[in-house]
4 protein chains.
Amino acid sequence: MDKLRKSVYEANMVLVRERLVTLTWGNVSGIDRTTGTVVIKPSGVPYEELAPEHMVAVELDGRRIDGGLKPSSDTPTHVALYKAFPEIGGICHTHSPYATAFAQACREIPCFGTTHADHFRGAVPLARGLTPDEVQEAYEANTGKVIIERFGKLNPSEVPGVLCAHHGPFTWGRTPAQAVENSIALEVIAQMALQTVNLEPHSVPVPQHIQDAHFLRKHGPEATYGQGLE
Amino acid sequence: MDKLRKSVYEANMVLVRERLVTLTWGNVSGIDRTTGTVVIKPSGVPYEELAPEHMVAVELDGRRIDGGLKPSSDTPTHVALYKAFPEIGGICHTHSPYATAFAQACREIPCFGTTHADHFRGAVPLARGLTPDEVQEAYEANTGKVIIERFGKLNPSEVPGVLCAHHGPFTWGRTPAQAVENSIALEVIAQMALQTVNLEPHSVPVPQHIQDAHFLRKHGPEATYGQGLE
Amino acid sequence: MDKLRKSVYEANMVLVRERLVTLTWGNVSGIDRTTGTVVIKPSGVPYEELAPEHMVAVELDGRRIDGGLKPSSDTPTHVALYKAFPEIGGICHTHSPYATAFAQACREIPCFGTTHADHFRGAVPLARGLTPDEVQEAYEANTGKVIIERFGKLNPSEVPGVLCAHHGPFTWGRTPAQAVENSIALEVIAQMALQTVNLEPHSVPVPQHIQDAHFLRKHGPEATYGQGLE
Amino acid sequence: MDKLRKSVYEANMVLVRERLVTLTWGNVSGIDRTTGTVVIKPSGVPYEELAPEHMVAVELDGRRIDGGLKPSSDTPTHVALYKAFPEIGGICHTHSPYATAFAQACREIPCFGTTHADHFRGAVPLARGLTPDEVQEAYEANTGKVIIERFGKLNPSEVPGVLCAHHGPFTWGRTPAQAVENSIALEVIAQMALQTVNLEPHSVPVPQHIQDAHFLRKHGPEATYGQGLE
């Protein structure tokens with residue numbers, strides 16, 4: 001578990017280095033699938049004071065394992081996603097400004113180019129806002145619920161993130177580091193998309209055959225990108 | 001008072017580190033409520049030359065206590081706010097570009113998302129411009145007056161900042177450091193809000209039940225965020 | 001002259017530190033009014049290789065004084081301004097993106113707020129583009145000519161800069177350092193102005209009595225800002 | 001070839017330093033015209049792990065010369081351009097946000113000002129998207145094909161870059177370093193152009209006589225910019 005704590009800590013610090021978080025608005029978690037233990041940033045601790053041993057371990061039912069700090073207030077959202085998406089190993093939540101602007105405008109991000117297609121297959125989806133009852137009952141857990149509801153038949157390995165209406169983005173990946181990478185990519189994708197519609201309000205998504213070519217160049221059994229198996 | 005000087009100095013330097021000030025456009029103050037002494041940045045001194053001992057102490061009636069540097073030209077605004085809002089302990093003024101753009105456009109910032117709701121309950125209000133007589137009589141003191149007039153029944157602990165029309169933002173908090181934190185939050189909130197209306201000019205505020213849930217998660221007796229009392 | 005070379009060199013390096021120049025797009029000069037010697041950045045030398053002794057000295061008629069590097073290609077513009085505006089001691093030229101966008105859109109920058117009023121009295125004016133004959137005859141010298149033509153009765157001490165249509169800004173001041181300060185201020189003013197019209201296309205300038213109050217707080221015999229004479 | 005490897009490595013690292021690449025989205029190559037060897041960044045290797053010896057050498061027919069890392073997946077595009085444009089010695093590809101926004105909006109960048117005219121003669125052209133057949137057959141090689149098709153009678157020395165529809169920019173130059181310089185210039189030119197149309201949607205290109213004066217001041221036998229032959 002020390003290894004998971006270290007990787008979760010390091011992924012949180014990459015968020016800071018890449019300027020994706022302001023104050024304490026962001027958190028990264030990771031899961032050990034063999035034990036079902038989730039490790040996550042503590043709530044409201046300034047990043048400059050964080051150390052690997054501050055990372056909080058919780059069970060998949062949300063209970064804390066040890067007597068340390070309180071976990072991030074968003075923990076129930078993370079846990080819900082780990083339960084629904086067994087293929088993911090890390091989750092990242094930020095309030096990065098461009099992705100959050102799409103979330104606040106209640107607009108998904110169309111796939112306007114190959115930068116997007118390299119990371120997300122199709123639009124970045126938008127999960128609906130919560131009803132008063134859902135907020136009242138369990139705000140954070142139900143945030144997970146509406147994400148899962150929105151995904152339906154979408155494949156979380158092909159669409160590694162979502163915008164929550166009025167709120168901001170969650171991304172994920174096989175590891176905490178990859179979840180953060182997808183947050184970095186999403187923020188630039190959102191910036192480019194905003195500038196694209198600024199230039200041409202009626203911009204259309206990139207043709208499907210180009211989306212597919214780019215996505216499959218980086219993902220799946222036919223991937224040719226990177227230094228993988230040859 | 002050395003402790004207050006140090007905390008005011010450090011809060012001023014955070015402004016620089018977070019890139020919220022250009023040249024000398026910004027100032028932070030703090031108050032010792034037991035003695036009524038206000039400590040504030042000196043006027044027009046470059047940040048790279050500032051030291052804690054340069055911070056200027058003034059009475060709540062605006063008179064300087066010791067024979068040091070001249071206090072910030074905005075001192076009468078700070079003093080007016082300390083007198084009207086007894087619950088605050090620090091004030092921060094910047095010309096940060098996004099918040100200032102809303103002030104220049106004479107528009108309040110609607111609560112478009114949970115980032116906003118986490119820090120400000122409801123819209124960031126706009127105080128009106130001063131009349132020729134008010135400018136002539138006492139520009140800085142009357143800037144305080146129109147802020148107080150605008151607040152009316154608003155609670156300065158729940159709405160820790162304001163935009164002055166044609167001018168820029170003032171924020172406050174329990175301490176100088178918290179006042180600066182609210183300036184940092186306000187600038188990102190303003191950036192997100194501008195991008196939100198760029199994407200969707202008819203964007204509406206986040207539903208009230210979500211605003212309340214987020215604000216109360218971080219503030220008040222039921223707050224669950226951070227490492228506070230459990 | 002070593003002192004002037006040093007101050008011109010340092011002012012050029014502030015441009016880089018403040019991220020107002022890309023590649024080699026910018027130059028600062030200064031003048032010794034007792035001898036009429038102008039010192040300016042050499043043409044096309046990368047900033048990281050610059051040293052004080054590279055600064056080039058020219059006469060007010062444009063002739064080089066010593067056998068060093070070639071002066072900036074914009075030297076004839078600087079010289080024309082020094083001759084027309086005897087009150088200035090330093091000039092700065094950049095292609096900073098927001099100010100250049102106004103120049104490219106052939107729009108002056110209205111005084112939308114007190115940040116602007118603190119530095120420029122009234123709008124930042126726009127000088128017209130050159131005719132084919134003017135380009136053919138002496139592009140750089142005639143750039144100075146159209147700036148001077150545009151100024152007419154404007155006071156260069158109160159309006160310390162201009163936008164050249166299709167090109168970018170020139171600013172000036174009593175010293176090279178102050179010319180650069182005005183370029184820094186102008187870029188932020190331009191950013192705020194663009195964001196202001198984005199938010200509200202029909203934004204109007206700040207009322208004249210507020211413009212005057214702010215300008216005179218920082219400039220002229222009644223100035224109260226800074227640590228000046230008391 | 002060690003010298004070429006070093007210059008290609010250094011040009012890749014300038015991209016990072018100038019913040020033109022996010023994650024691994026970018027690559028620079030160079031060619032030794034005497035041997036026809038192209039040296040290029042390896043595919044998908046994080047920039048912080050790159051060293052000069054990782055740069056991959058390939059023949060102009062795309063075959064790898066030695067047994068090292070896999071070359072950038074964009075190698076066939078680079079090779080096609082080196083074959084078609086014998087005057088170029090370096091190529092740079094990025095997904096820099098402003099230039100990419102124009103590519104995604106399928107709009108060329110008009111020459112709105114002298115910053116643009118100093119680097120590109122006329123608009124930055126847009127190459128069309130690939131057909132399904134072209135994608136299927138050879139995506140990267142055909143990306144080179146449509147660039148060459150778009151250039152027709154354009155002179156690649158006068159127009160040192162292109163936008164690929166839905167994708168992003170490629171730039172080139174006499175050397176890898178100059179190719180990167182043109183990417184830096186292109187990104188700022190794109191930012192200014194977006195801001196220019198934001199301010200004035202009907203902005204027109206700068207008059208031809210000014211475009212010519214600026215381009216020829218920096219390029220060709222009559223160039224007066226820089227410290228070249230006098």
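Our subject is the structure that appears above.
Described below are features of the structure shown in this document. (Residues numbered from 1 in each chain as written. Chains lettered and ligands numbered in written order. Predicted model: local features only at pLDDT ≥ 70, side-chain atom pairs only at ≥ 80, totals over all residues. Heavy atoms only, no water.)

1. A few points about the interface of chain C and chain B
The interface is formed by 33 residues belonging to chain C together with 35 residues belonging to chain B. Carbon and sulfur atoms make up 57% of the area that chain C and chain B hide from each other, which totals about 2900 Å². Taken together, the connections running from chain C to chain B amount to 2 salt bridges. Across the salt bridge formed by E140 of chain B and R217 of chain C, the nearest N and O atoms sit 2.5 Å from each other. Remark: the boundary between chain C and chain B carries 8 residue pairs in polar contact (both at pLDDT 80 or more). (Contact = heavy atoms within 4.5 Å. Buried area = accessible area lost by both parts, 1.4 Å probe. Salt bridge = Lys/Arg side-chain N within 4 Å of Asp/Glu carboxyl O. Polar contact = N/O pair within 3.5 Å; in protein donor to acceptor, adjacent residues only side chain to side chain.)

2. Concerning the nonpolar core
Residue and element names in this part refer to chain A. Among the nonpolar cores identified, the biggest contains 51 residues, and F102, I109, I147, L163 and W172 are the most heavily contacted of them. Looking at which element gives the most residues to this core, the answer is helix α6 (residues 176-199), with 9 residues. In this view, I109 contacts F102, H116, A123, V124, L163, L186, I189, A190 and A193; residues no more than four positions away in its chain are not counted. (Core = buried A, V, L, I, M, F, W, Y, C linked by side-chain atoms within 4.5 Å. Buried < 20%, exposed > 50% of the residue type's maximum accessible area, 1.4 Å probe, protein only. Helix = DSSP H or I, 4+ residues; strand = E, 2+ residues; numbered from the N terminus.)

3. Considering the packing of aromatic side chains
Residues and elements named next belong to chain B. Within the structure shown, the criterion is met by 12 aromatic pairs over all chains. Taking the centre distance of 5.5 Å and the plane angle of 50 degrees together, the rings of F85 and F151 count as tilted. On the criterion of sequence distance, the pair formed by F85 in the loop between α2 (75-84) and β4 (90-94) and F151 in helix α5 (residues 132-151) is long-range, its members being 66 residues apart. Across the pair, exposure class does not vary: F85 and F151 are buried alike. (Phe/Tyr/Trp six-rings, centres within 6.5 Å; stacked < 30°, edge-to-face > 60°.)

4. Quick word on the sheet that holds strand β2 (residues 37-40) of chain D
Residues and elements named next belong to chain D. Ordered by their spatial adjacency, 7 strands build an open sheet running β3-β2-β1-β4-β7-β6-β5, and the pairing between neighbours is mixed. Edge positions in the open sheet fall to β3 (56-58) and β5 (126-127), since each of these has one partner strand only. Pairing analysis gives 4 bridges linking strand β6 (residues 161-164) to strand β7 (residues 168-173), with the strands arranged antiparallel. Note that in β7 the partner of C164 across the bridge is G168. (Pairing = 2+ DSSP bridges.)

5. Some words on the pattern of salt bridges
Side-chain pairing between opposite charges can occur once the charged atoms of the two side chains come close. Residue and element names in this part refer to chain A. Taken as a whole and assessed by the stated rule, the structure comprises 40 salt bridges over all chains. E134 serves as the salt-bridge partner of R128, at 2.8 Å between the closest nitrogen and oxygen. Overall, R128 belongs to the partly exposed group, its relative accessible area being 32%. Residue class for E134 comes out buried when judged on its relative accessible area of 8%. When salt bridges that share partners are traced, they join R128, E134, K145 and E149 into one network.

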